[in-house]
Amino acid sequence: MRHFGHLAPEVRNGLFHQEPAEFDAGSPVPVLAAALGATLYSPATRPTLARDVVKQAGQGVVSMVLCLEDSIGDADVPAAEENLVRQFAELAAAPSHTPLLFVRVREPEQITDLARRLGPARRLLSGFVLPKFTEDRGLPFLEAVAEAEAVHGQRLLAMPILESPELLHLETRADTLAGIARATGKHRERVLALRLGVTDFCSAYGLRRAPDMTAYDVQLVASVIADVVNVLGRADGSGFTVTGPVWEYFRQHQRMFKPQLRRSPFAGPAEALRSALIEHDMDGLLREIELDRANGLLGKTCIHPTHVAPVHALSVVSHEEFSDARDILRSVDGGGGGVLRSSYTNKMNEVKPHRAWAERTLLRAGAFGVAREEVGFVELLGASVRGAIL
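These figures come from a predicted structure and were not determined experimentally.

(A) Spatial organisation of the pattern of salt bridges. For the structure on display, the rule yields 25 salt bridges. With its nearest N and O atoms 3.1 Å apart, the salt bridge here joins R117 to E81. Note that R117 is positioned in helix α5 (residues 108–117) and E81 in helix α4 (residues 77–93), a separation of 36 residues in sequence. For R117, a relative accessible area of 27% translates into the label partly exposed. Judged by relative accessible area, E81 falls into the buried class, the value being 12%. Between R355 and E359 there is a salt bridge, with the nearest N and O atoms lying 3.1 Å from each other. Of this pair, R355 and E359 both sit in helix α15 (residues 355–368), four residues apart, which is roughly one turn of that helix.

Dropping the structure here:
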């Protein structure tokens, strides 16, 4: 699979200086972590789940979570598990392109049980999403993933969700983060990414952000994100990919504040695109995606298909970013250091301080591609989003 593979070759050729690379479920963990993109959640109770998975793959989705936890009622869990097994069998019986598939479970026992019940269709499973992860609660989940992997001889990855009250509350946050670091460090080879459960954070204080506000406008949430990245997202080899929080809105709401998209980049034919983005509350989402990356997050949890294209479009590396990253790493490889003037002559690139940024940028470039020099976010959004919202 590859990002933007659903677009026609001539469209991709017009957008990309370097097209996104191909990857699959067996690719190295750092490659998959960078390529997760917009991870679309779907309740495991859906009777058309197999068809939904194939449809979303055809529209550019590369990772999905089939949920047995908060998205369904407690009484529906047994039926949802049975449906999940049936839907995996249906997918396996009719070969088709599928995204990376993960199952969000409630208890560690579900991991080994479902891995067994899926039978041969298990080959379509990339791993499990682990809820309310702390050291004490999370280790049994990770051990269950390791057990299922050993029993069935198939690599299974884990994505812990950081959403517990202990992580939110200031008096327990430092100890909780240290415990999560210990637990995930013991299973580093199978931890694909850490996901942020911002809805649960807000719930602990009876909060809910409006569609014209981002997670970073809610200071309680922003402080947790900062501390998670501080401890668990470091670029020194000890950190993990941390993904962005869910965006909850997908239909128009009454607005209190002005739209957050400037008019000038959308001048001319793209004005209709700007109007459609604002009408669907996408301007808040676009701002949050940019803030995610500025704060060290990559990828995003999504609960609606229309959110996928904006996440992927804004994950493409610009030609300017690519030029800077390549120049920095070339200087490193040549044994150089110091300060370089950027190829775009608009900034300085300090070789040693910017090295980690450059490495992460080229990893993202491999997953999402590099835009042509004359292509900006408006063109990428237009090609990716237009069919989804216009």
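(B) The pairing of strand β8 (residues 242–247), seen in detail. Burial within β8 is extensive, with six of its six residues counted as buried. By the bridge criterion, two bridges tie strand β7 (residues 194–196) to β8 in an arrangement that is parallel. Counted as the bridge partner of L194 is V242 from β8. Direction of pairing for β8 relative to strand β9 (residues 300–302): parallel, over a ladder of two bridges. Bridge assignment links G244 to a residue of β9, and that residue is K300.

(C) Representation of the environment of L285. When you line up the elements, L285 lands in helix α12 (residues 282–294). Judged by its relative accessible area of 0%, L285 is buried. Between the C-alpha atom of L285 and that of F250, which follows or precedes it by 35 residues, the distance is 9.7 Å. Each residue touching L285, except ones within four places of it in the same chain, is listed here: W247, K300, H307 and P310.

(D) Looking closely at the sheet that holds strand β6 (residues 157–162). With parallel pairing, eight strands are arranged side by side around a closed barrel as β2-β3-β4-β5-β6-β7-β8-β9. Direction aside, neighbouring strands of the sheet carry axes that sit 30° apart on average. Note: strand β2 (residues 38–43) against β9, three bridges, orientation parallel. Note on β9: the bridge partner recorded for T39 is T301. Across the face of the sheet, α4 comes into contact with β3 (63–67), β4 (100–104) and β5 (125–130) while running at roughly 170° to β4.

(E) Representation of the pairing of β6. Within β6, six of the six residues are buried, leaving the element largely enclosed by the surrounding structure. Because side chains alternate across β6, one face comprises the buried residues L157, M159 and I161, and the other comprises A158, P160 and L162, equally buried. With four bridges connecting them, β5 and β6 associate as parallel partners. When the sheet's bridge partners are listed, V129 is paired in β6 with M159. Assessed by its sense of winding, the connection that carries the chain from β5 through helix α6 (residues 135–152) to β6 is right-handed. Both β6 and β7 contribute to a ladder of two bridges, which runs parallel. Bridge pairing in β7 links L162 to L196.

(F) Representation of unusual backbone geometry within the structure. The residue F4 is not glycine, and still its phi comes out positive at about 65°. The residue F4 is located in the segment before α1 (9–15) in this model.

(G) Region of interest: the environment of M64. Along the chain, M64 falls in strand β3. Separated by 111 residues in the primary sequence, M64 and D175 place their C-alpha atoms 31 Å from one another. Setting aside chain neighbours within four positions, we find M64 in contact with T39, L40, S42, V53, Q56, P99, L100, L101 and F102.

(H) Up close: the packing of aromatic side chains. Tallied over the entire structure, the rule returns one aromatic pair. Ring geometry for F4 against F16: centres 5.3 Å apart, planes inclined by 55°, an arrangement best described as tilted. Note that F4 is positioned in the segment before α1 and F16 in strand β1 (residues 16–18), a separation of 12 residues in sequence. On the accessibility criterion, F16 (3% relative accessible area) is buried.

(I) Spotlight on the side chain of R195. Inspection of the secondary structure puts R195 in strand β7. One buried charged residue, R195, remains without a salt bridge, the closest side chain of opposite sign being D292 at 9.5 Å. A polar side-chain atom of R195 sits 3.4 Å from a polar atom in the side chain of T39. Ignoring sequence-local partners within four residues, the contact set of R195 consists of L36, T39, Y41, M159, P160, I161, L162, T243, K300 and T301.

(J) Region of the structure containing the packing of helix α3 (residues 49–58) against α4. Closest axis-to-axis distance for the α3/α4 pair is 8 Å, and the angle between their directions is 50°. Classified by the angle between their axes, α3 and α4 sit oblique to one another. Contact with α3, carried on its side by L49, A50, R51, V53 and V54, involves L84, Q87, E90 and L91 of α4 and no other residues of that element. Of the residues assigned to the contact of α3 with α4, the class counts are six nonpolar, one polar and two charged.

Conventions and cut-offs
- Residues numbered from 1 in each chain as written.
- Predicted model: local features only at pLDDT ≥ 70, side-chain atom pairs only at ≥ 80, totals over all residues.
- Heavy atoms only, no water.
- Salt bridge = Lys/Arg side-chain N within 4 Å of Asp/Glu carboxyl O.
- Helix = DSSP H or I, 4+ residues; strand = E, 2+ residues; numbered from the N terminus.
- Buried < 20%, exposed > 50% of the residue type's maximum accessible area, 1.4 Å probe, protein only.
- Pairing = 2+ DSSP bridges.
- Contact = heavy atoms within 4.5 Å.
- Axes fitted to C-alpha atoms, helices over the stretch in contact; angles between N-to-C directions.
- Right-handed = clockwise from strand over helix to strand, strands pointing away.
- Phe/Tyr/Trp six-rings, centres within 6.5 Å; stacked < 30°, edge-to-face > 60°.
- Lys, Arg positive; Asp, Glu negative; His and termini not counted.
- Polar contact = N/O pair within 3.5 Å; in protein donor to acceptor, adjacent residues only side chain to side chain.
- Parallel < 35°, antiparallel > 145°, perpendicular 65-115°, else oblique.
- Nonpolar A, V, L, I, M, F, W, Y, C, P; charged D, E, K, R; others polar.

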